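Here are the chains, one letter per residue:
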Amino acid sequence: MRYPEGGGLTAERRAFREGIRLKAGERFAAGEKTAVIAKDLRVSMRSVERWRRAWRESGMEALRSAGPANSPTVTDSQFAVLEDELGKGPSAHGFEDERWTLARVQTVIRRRLRVSLSVAVWRLLQRHGWSWQAPARRALERDEHAVELWKKEVWPRVKASRRPMVAGSSSRTRPGSP
């Protein structure tokens, strides 16, 4: 049996995995050995051992799916607090400039809400109507002369610093060497 195509853990894939765990649970009840179950169900022995431990402690219910792992962990009331904090600006949270990045938002969530989110920060913001923003105009501090100088003098050196492509040998011994 194969997993359904596509990224992420779909409901279909969660159901498939739950079915495997439940089959293992039936076999635990029948007294079968871990190695046999792992081989027959084509899963690791470590997974079967983990499932058996859960089954011993809480029965078949422990083998059921707990739902999607990426469900939102920030409630609406917590998000309202987060919006207030974001409204204060990055400098109010100790950041050196006025740019919000996902890493900075993640830090504020961790500090203020005591919630640890991984890469779900962008999805959380999107779900609440936030979008990424690009600057409408160039910074006033931009030094056009320095930019032009860098383009003319530094960039050609950086661009040309690659080794030239030449024919080579992948062998440790070179032709003509003893």
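Refer to the structure printed above.
This report concerns the structure included in the present document. (Residues numbered from 1 in each chain as written. Predicted model: local features only at pLDDT ≥ 70, side-chain atom pairs only at ≥ 80, totals over all residues. Heavy atoms only, no water.)

### Concerning the overall build of the chain
Scanning the chain from terminus to terminus reveals 7 helices and 0 strands. N-terminal to C-terminal, the α/β element order of the chain is α-α-α-α-α-α-α. Here the chain holds 178 residues, and 22% of them are scored as buried. Partitioning the intrachain contacts of the chain with sequence separation of at least 6 by distance along the chain shows that 39% fall at a separation of at least 24. Total accessible area on the chain is roughly 14,200 Å²; 53% of this is exposed by carbon and sulfur atoms. (Helix = DSSP H or I, 4+ residues; strand = E, 2+ residues; numbered from the N terminus. Buried < 20%, exposed > 50% of the residue type's maximum accessible area, 1.4 Å probe, protein only. Contact = heavy atoms within 4.5 Å. Areas by Shrake-Rupley, 256 points an atom, 1.4 Å probe, with all protein chains shown as cover.)

### Examining unusual backbone geometry
At R42, a position not held by glycine, the phi torsion is positive, near 60°. Residue placement: R42 occurs in the loop between α2 (34-41) and α3 (45-58). Although it is not a glycine, R114 adopts a positive phi angle of roughly 55°. Within the fold, R114 resides in the loop between α5 (102-113) and α6 (121-127).

### Some points on the side chain of T34
Secondary-structure assignment places T34 in helix α2. Apart from the residues within four sequence positions on either side, T34 is in contact with M45, V48, E49 and R52.

### Quick word on the pattern of salt bridges
In this structure the tally under the stated criterion is 11 salt bridges. For E85, the salt bridge goes to K88, with nearest N and O atoms at 3.1 Å. In this structure E85 comes out as buried when scored by relative accessible area, which is 6%. Notably, a salt bridge pairs D97 with R99, separated by 3.1 Å at the nearest N-O pair. You can call R99 partly exposed: its relative accessible area is 47%. (Salt bridge = Lys/Arg side-chain N within 4 Å of Asp/Glu carboxyl O.)

### Examining the environment of A38
Inspection of the secondary structure assignment puts A38 in helix α2. With relative accessibility at 4%, the residue A38 sits in the buried group. The sequence separation of A38 and E49 amounts to 11 residues, and the corresponding C-alpha distance is 9.1 Å. With residues near it in sequence (within four places) discarded, A38 still touches V43, S44, M45 and V48.

### Examining a nonpolar patch on the surface
Taken together, the side chains of W150, W155 and V158 define a hydrophobic patch exposed on the protein surface, amounting to about 310 Å² of accessible area. Within the secondary structure layout, W150 lies in helix α7 (residues 144-159). We classify W150 as partly exposed; its relative accessible area is 42%. (Patch = residues over 30% accessible without salt bridge, like charges linked within 9 Å, V, L, I, M, F, W, Y side chains within 5 Å.)

### Quick notes on the environment of R21
Mapped onto the elements of the fold, R21 is located in helix α1 (residues 11-29). A C-alpha to C-alpha distance of 9.3 Å links R21 and R52, two positions 31 residues apart in sequence. Beyond its immediate stretch of four places on either side in the chain, R21 contacts W51, L63, R64 and S65.

### Description of the nonpolar core
Core analysis: the biggest nonpolar cluster contains 14 residues, and V74, L82, I109, L117 and L124 have the highest contact counts within it. At the level of secondary structure, the elements contributing two or more residues to this core comprise α4 (76-87), α5 and α6. Tallying contributions element by element places α5 first for this core, with 4 residues. F28, I37, A38 and L41 belong to the second-largest nonpolar core, a separate cluster that totals 11 residues. (Core = buried A, V, L, I, M, F, W, Y, C linked by side-chain atoms within 4.5 Å.)

### Observations concerning α2
Within α2, the full set of buried residues consists of T34, I37, A38 and L41. One side of α2 carries all its buried residues, which in axial view fall inside an arc of 100°. Where α2 is buried, its residues contact α1 and α3. (Arc of directions from axis to C-beta.)

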